[in-house]
Amino acid sequence: MRENKMLLESFFKLKEHGTDVRTEVIAGFTTFLTMAYIVIVNPAILSLTGMDFNAVFVATCLAAALGTGIMALVANYPIALAPGMGLNAYFTFTVVQGMGVPWQAALGAVFISGIVFLAVSLFKVREAIVNAIPQSLKFAISAGVGLFLAIIALKNAGVVADHPATLVTLGNLHDPKVLLAILGFFIIVALEYRRVPGSIIIGILAVTVLSVTLGLSNFEGLFAPVPSMAPTFMQMDLEGALSAGLLGVIFVFFFVDLFDTTGTLVGVSHRAGLLDKDGKLPRLKRALMADSIAITAGAAMGTSSTTAYIESAAGTAVGGRTGLTALVVAILFLACLWISPLAKTVPAYATAPALCYVAVLMTRGLAEIDWDDLTESAPAVMTAVAMPFTFSIADGIAFGFISYAVIKILAGRFADLKPAVLVIAGLWVVKLAFFH
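Keep in mind the model is a prediction, meaning the values are calculated, not measured.

Draft legend 1. Representation of the overall build of the protein chain within the structure. When you go through the protein chain residue by residue, the secondary structure sums to 20 helices and 4 strands. Computed over its C-alpha atoms, the radius of gyration of the protein chain comes to 21 Å, within 12% of the 22 Å expected for a compact globule of 436 residues. Viewed in the frame of its principal axes, the protein chain has a C-alpha envelope of about 65 × 55 × 45 Å. Counting over 436 residues, the protein chain shows a buried share of 54%. Contacts spanning at least 24 positions in sequence make up 81% of the contacts within the protein chain whose residues lie at least 6 apart. Per element, the accessible surface of the protein chain, about 18400 Å² overall, is 67% carbon and sulfur. When the 25 basic and 26 acidic side-chain charges of the protein chain are each reduced to a single mean position, those positions are 7 Å apart.

Have a look at this one:
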């Protein structure tokens, strides 16, 4: 036992980071509890495309375990990865349901975006791309994805419904399912305020238990053998993904994950005091490698893009500083493989509160925008509001870049425009004009 402990201390450099095995294990459990909801929510969302729920459940667990494991053992960071919220919604509601793309081709687009992500990570193109994008659009994209998740959550919960005259209207508040979803959101927010670990999964399970008790849904069981992944394994259609109509989809998967992962890595590492004296992230290439490998492997197994999770900050808040924290998370995701009946028991209106809470976290980016500069704030607002109102993350990004470039030019602020912004805006104009 003592030898194993010494091995862990040596491998993860625990003393160097001012931590120990016990602290790292507790941090790992804390991070896992804050993001465990993804093993329920992700298959629930992706199964709406026609993908097999159980197969996606397994793919979700394995992709999260693989990405987090690589982050732990190769990059030595206390950061966990899993299929990303927002990206799974884009995959389902925009690409498959909205554009009519078969889920196999959509998986192919995810796979290719992972290869592109790997390439830009290896050749240091990532820094050039990230640095060229205006800060206001970065914040707006994050906030817009949050608003996109919010409208999906409200729709799934029945809080909003379609209306022929006003497009949307208030749903049926006399429906007990709607009331349970609202209660779930209140529970999650209250527990988060009180800093209770695992508040999101507690909220989901509380609504599920009440739903089963009231006879609104059925209890499918707790444990079962690991389901087969055959229905989704290696089903990605690469040829279909390379068609002209999906090039923009590949770009969005790559683009959103690029900012999501980079922002999360820097944000969590900053809070944990892991940045170097120049404010940069050591071993960044290794961390991005973990993400890109998880994306491609996850697509091969049958899930949408994997990304670094901001919930990792919960683990670093209780002392997690090394990859041992992430290794504990990876092991716990593997353990989840045996709880597929529980995942199937959870109804959509029980996961809706979790989506709403994630939306609250993501929309905080709007506070960082320079509201005194109209040439910055106007494109940012266009980016954020276009995503939910067009029901498309891609269209929101397109509106943002195009409006940013045009407004800056008309305002005579040419010096603010970097060539990369003009190129990206031009590409979106071509996409909307000829491939929409």
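Draft legend 2. Structural context of the nonpolar core. The biggest cluster of nonpolar side chains holds 128 residues, and the ones touching the most others in it are Tyr37, Met85, Phe91, Phe333, Ile397 and Phe401. Once residues lying within four places of it in the same chain are set aside, the contact partners of Phe333 are Phe32, Met35, Ile38, Val39, Cys61, Ala64, Ala65, Leu81 and Ala82.

Draft legend 3. Region of interest: unusual backbone geometry. Phi at Asn76 is positive, roughly 60 degrees, even though this residue is not glycine. Tracing the chain through its elements places Asn76 in the loop between α4 (53-75) and β1 (81-83). At Leu167, a residue that is not glycine, the phi angle is positive and equals roughly 70 degrees. Here Leu167 lies in strand β3 (residues 167-170).

Draft legend 4. Representation of the environment of Met71 in the model. With respect to the helices and strands, Met71 occurs in helix α4. Sequence separation between Met71 and Ala59 is 12 residues, and the spatial gap between their C-alpha atoms is 18 Å.

Draft legend 5. Looking closely at a nonpolar patch on the surface. A surface patch of nonpolar side chains, about 530 Å² in accessible area, is lined by Phe219, Leu222, Phe223, Val226 and Trp338. Structurally, Leu222 can be placed in the loop between α10 (199-213) and α11 (238-241).

Draft legend 6. Just the pairing of β3, in detail. Here strand β2 (residues 160-163) pairs with β3 via 4 bridges, running antiparallel. Residue pairing for β3: His163 is matched across the bridge by Leu167. Taking the residues between adjacent antiparallel strands as the criterion, β2 and β3 are bridged by 3 residues.

Draft legend 7. Seen up close, the environment of Thr23. Among the secondary structure elements, Thr23 is positioned in helix α2 (residues 21-35). On the basis of relative accessibility, which here comes to 21%, the residue Thr23 falls in the partly exposed class. Thr23 sits 296 residues away from Gly319 along the chain, and the two C-alpha atoms are 6.0 Å apart.

Draft legend 8. Here's a closer look at the packing of helix α3 (residues 38-46) against helix α5 (residues 87-96). Interhelical geometry of α3 versus α5 gives an angle of 20 degrees and a closest axis separation of 9 Å. Judged by the inter-axis angle, α3 sits roughly parallel to α5. α3 and α5 meet at a crossing whose hand is left-handed. In contact with Ile38, Asn42, Ile45 and Leu46 of α3, α5 contributes Asn88, Ala89, Phe91, Thr92 and Phe93. Grouping the constituent residues of the contact of α3 with α5 by class yields 6 nonpolar, 3 polar and no charged.

Draft legend 9. How the structure looks around the packing of helix α8 (residues 135-157) against helix α17 (residues 348-362). Between α8 and α17, the least distance of the axes is 8 Å, while the angle of their chain directions is 160 degrees. As summarised for this structure, α8 and α17 are arranged roughly antiparallel, according to the angle between their axes. As for how α8 packs across α17, the hand of that crossing is left-handed. The residues of α17 that touch α8, namely those facing Ser142, Ala143, Val145, Gly146, Leu149, Ala150, Ile152, Ala153, Leu154, Asn156 and Ala157, are Ala348, Tyr349, Ala352, Leu355, Cys356, Val358, Ala359 and Met362. Its residues placed into classes, the contact of α8 with α17 shows 16 nonpolar, 3 polar and no charged.

Draft legend 10. Representation of the pattern of salt bridges. What the rule picks out here adds up to 4 salt bridges. A salt bridge links Glu376 to Lys408, with the nearest nitrogen and oxygen atoms 2.9 Å apart. One end of the pair, Glu376, is in helix α18 (residues 374-390); the other, Lys408, is in helix α19 (residues 393-410), and 32 residues separate them in sequence. Judged by its relative accessible area of 14%, Glu376 falls in the buried class. Residue class for Lys408 comes out buried when judged on its relative accessible area of 0%. The shortest N-O distance in the salt bridge between Lys408 and Asp416 comes to 2.8 Å. Salt bridges sharing common partners tie together Asp373, Glu376, Lys408, Arg413 and Asp416.

Draft legend 11. Seen up close, α17. If you check α17, its first and last C-alpha atoms are 21 Å apart, about what 15 residues at 1.5 Å a residue would give, namely 21 Å. Taken across its 15 residues, α17 has 12 buried, putting it largely inside the fold. The set of residues buried in α17 consists of Tyr349, Ala350, Thr351, Ala352, Pro353, Ala354, Leu355, Cys356, Tyr357, Val358, Ala359 and Met362.

Draft legend 12. Fine view of the packing of aromatic side chains. This model, assessed by the stated rule, comprises 7 aromatic pairs. Ring centres 6.4 Å apart and planes at 50 degrees place the aromatic pair Phe185 and Phe186 in the tilted group. For Phe185, a relative accessible area of 23% translates into the label partly exposed. For Phe186, a relative accessible area of 54% translates into the label exposed. One aromatic cluster in this structure is built from Tyr90, Phe91 and Phe253.

Thresholds, definitions, all that
- Residues numbered from 1 in each chain as written.
- Predicted model: local features only at pLDDT ≥ 70, side-chain atom pairs only at ≥ 80, totals over all residues.
- Heavy atoms only, no water.
- Helix = DSSP H or I, 4+ residues; strand = E, 2+ residues; numbered from the N terminus.
- Rg over C-alpha atoms; globule rule 2.2 N^0.38 Å.
- Buried < 20%, exposed > 50% of the residue type's maximum accessible area, 1.4 Å probe, protein only.
- Contact = heavy atoms within 4.5 Å.
- Areas by Shrake-Rupley, 256 points an atom, 1.4 Å probe, with all protein chains shown as cover.
- Lys, Arg positive; Asp, Glu negative; His and termini not counted.
- Charge placed at Lys NZ, Arg CZ, Asp CG, Glu CD.
- Core = buried A, V, L, I, M, F, W, Y, C linked by side-chain atoms within 4.5 Å.
- Patch = residues over 30% accessible without salt bridge, like charges linked within 9 Å, V, L, I, M, F, W, Y side chains within 5 Å.
- Salt bridge = Lys/Arg side-chain N within 4 Å of Asp/Glu carboxyl O.
- Pairing = 2+ DSSP bridges.
- Axes fitted to C-alpha atoms, helices over the stretch in contact; angles between N-to-C directions.
- Parallel < 35°, antiparallel > 145°, perpendicular 65-115°, else oblique.
- Left-handed = near helix turned anticlockwise from the far one by under 90°.
- Nonpolar A, V, L, I, M, F, W, Y, C, P; charged D, E, K, R; others polar.
- Expected span 1.5 Å × (residues − 1).
- Phe/Tyr/Trp six-rings, centres within 6.5 Å; stacked < 30°, edge-to-face > 60°.

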